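Observations on chain architecture
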Amino acid sequence: MQNNIMMTMAALGDPTRFAIVERLLKEGEVSAGDLADPFSMSKPAISRHLKVLENAELIERRTKAQFRVFRARPDTLKKMDSWLGKYRKFWEASFDRLEEVLNDMPDTAILEKKSAGDGEV
Amino acid sequence: MNVDAKTNEDTTLVIERKFQTSPERLYEAWTNPEILQKWWGPEGVTIPTLDLDVREGGDWITTFHSDQMGERVVSGKYVTLDPPNRLVFTWGWIDNGTRGHETMVEIVLLQVGDSTIMTLTQKAFAEMEHRDNHRFGWDSSFNKLGLILK
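In this report, we go over the structure that sits alongside the text. Everything numeric here is computed off the predicted structure, so don't read it as measured data.

Moving on, we come to the overall build of chain A. Within chain A, the secondary structure is distributed over seven helices and three strands. Along chain A, helices (α) and strands (β) appear in the sequence α-α-β-α-α-β-β-α-α-α when read from the amino end. The long-range share in chain A, meaning contacts at least 24 apart out of those at least 6 apart in sequence, stands at 56%.

Structure representation (structure tokens):
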């Protein structure tokens, strides 16, 4: 689960992709062509962005008449609603490990660094 | 379900944890790459590469790896380094060479007796120059999302 969250965040991290998801949230279904319109970007570049969003399960596509249309995926977005909560899990899981690492961490790691920095004889 | 990003609680994460150690050791755990590598990320996530230029204005970059997600690169800049009590750095994912939305992480280390209280604060918005558009983006999206999820 943690990894999916990281994937989702990474996917949303890009401004173009963020704008796409935001637009789909506002407008519901939008065709691939219309989605590309606001961006001065090649069609293949937009397609790549859409692919990333699809892989992250943030959007999905279907064919309507002969057009490809996209829409946001509420299920994934629902998971994102407490995205800071996901970071919380990330950090807390990290801190559990930190606790163990501190136990095994030799004092010398700090002392050596300090004396090296002091430059005293 | 609260997704109103306008409130501080929803854009700022605060985690407090007490460690049976000194601020110096904790500071070291954050800034010594060999030690950071051992604990950063949840169980199952490893760090194949990391590069920390630990000085104010210095860049850091880390690759997280797990079997499910493959490799994910995160990077940022050290904003404040005040050993052994405080460090502040930015945090942003890199995807296909593009660095995206940036958050700000602050670590405060406060000695209490023979323990240290570590407080992590992560702000959803780094509040750096020209980040305002992102802020509006997140805000409006979360507001929208709030409506959808109602």
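What follows deals with the overall build of chain B. Within chain B, the secondary structure is distributed over four helices and seven strands. Each helix (α) and strand (β) of chain B, taken in turn from the N terminus, gives the series α-β-α-α-β-β-β-β-β-β-α. Considering chain B as a whole, with its 150 residues, one finds that 29% of them fall into the buried category.

Residues and elements named next belong to chain A. Inspection of the sheet shows strand 1 (residues 30-31) paired to strand 3 (residues 67-72) by two bridges, in the antiparallel sense. Bridged to valine 30 within strand 3 is phenylalanine 70. Here six bridges tie strand 2 (residues 59-64) to strand 3, and the two strands are oriented antiparallel to one another. Following the sheet pairing, isoleucine 59 is matched in strand 3 by alanine 72. Between the end of strand 2 and the start of strand 3, which pair antiparallel, lie two residues, with alanine 65 showing a positive phi angle near 50 degrees.

All names here are of chain A. In spatial order, the strands read 1-3-2; together these three strands make up an open sheet with antiparallel pairing. Of all strands in the sheet, those with a lone pairing partner are strand 1 and strand 2, marking the two edges. Each of strand 1, strand 2 and strand 3 is contacted by helix 2 (residues 15-27), which is oriented at about 90 degrees to strand 3, the strand it contacts most. Packed on one face of the sheet, helix 4 (residues 43-55) meets strand 2 and strand 3 and runs near 115 degrees to strand 2.

All names here are of chain A. Remark: helix 2 packs on helix 4, axes separated minimally by 10 Å, with the N-to-C direction vectors making an angle of 70 degrees. Taken together, the axis directions place helix 2 and helix 4 in an arrangement best described as roughly perpendicular. Crossing hand, helix 2 versus helix 4: right-handed. Packed against helix 2, whose contacting residues are Thr16, Arg17, Ile20 and Val21, the element helix 4 presents His49, Val52 and Leu53 at the interface. In terms of residue class, the contact of helix 2 with helix 4 is made up of four nonpolar, two polar and one charged.

This paragraph deals with the nonpolar core. Burial of nonpolar side chains together is a common tendency in soluble globular proteins. One finds Ala11, Val21, Leu24, Leu53, Leu58 and Ile59 of chain A to be the most contacted residues of the largest nonpolar core, which totals 23 residues. Of all the elements in the fold, those that place two or more residues in this core are helix 1 (2-12), helix 2, helix 4 and strand 3 of chain A. For isoleucine 59 of chain A, the residues in contact, after removing those within four places along its chain, are Val21, Leu24, Leu50, Leu53, Glu54, Phe70, Arg71, Ala72 and Arg73 of chain A. Within the second largest apolar cluster, 15 residues are counted, among which are Met105 of chain A together with Leu36, Trp60 and Leu87 of chain B.

Parameters at a glance
Residues numbered from 1 in each chain as written. Chains lettered and ligands numbered in written order. Predicted model: local features only at pLDDT ≥ 70, side-chain atom pairs only at ≥ 80, totals over all residues. Helix = DSSP H or I, 4+ residues; strand = E, 2+ residues; numbered from the N terminus. Contact = placed C-beta atoms within 7 Å. Buried ≥ 20, exposed ≤ 12 C-beta atoms within 10 Å, placed from the backbone. Pairing = 2+ DSSP bridges. Axes fitted to C-alpha atoms, helices over the stretch in contact; angles between N-to-C directions. Parallel < 35°, antiparallel > 145°, perpendicular 65-115°, else oblique. Left-handed = near helix turned anticlockwise from the far one by under 90°. Nonpolar A, V, L, I, M, F, W, Y, C, P; charged D, E, K, R; others polar. Core = buried A, V, L, I, M, F, W, Y, C linked by C-beta atoms within 7 Å.

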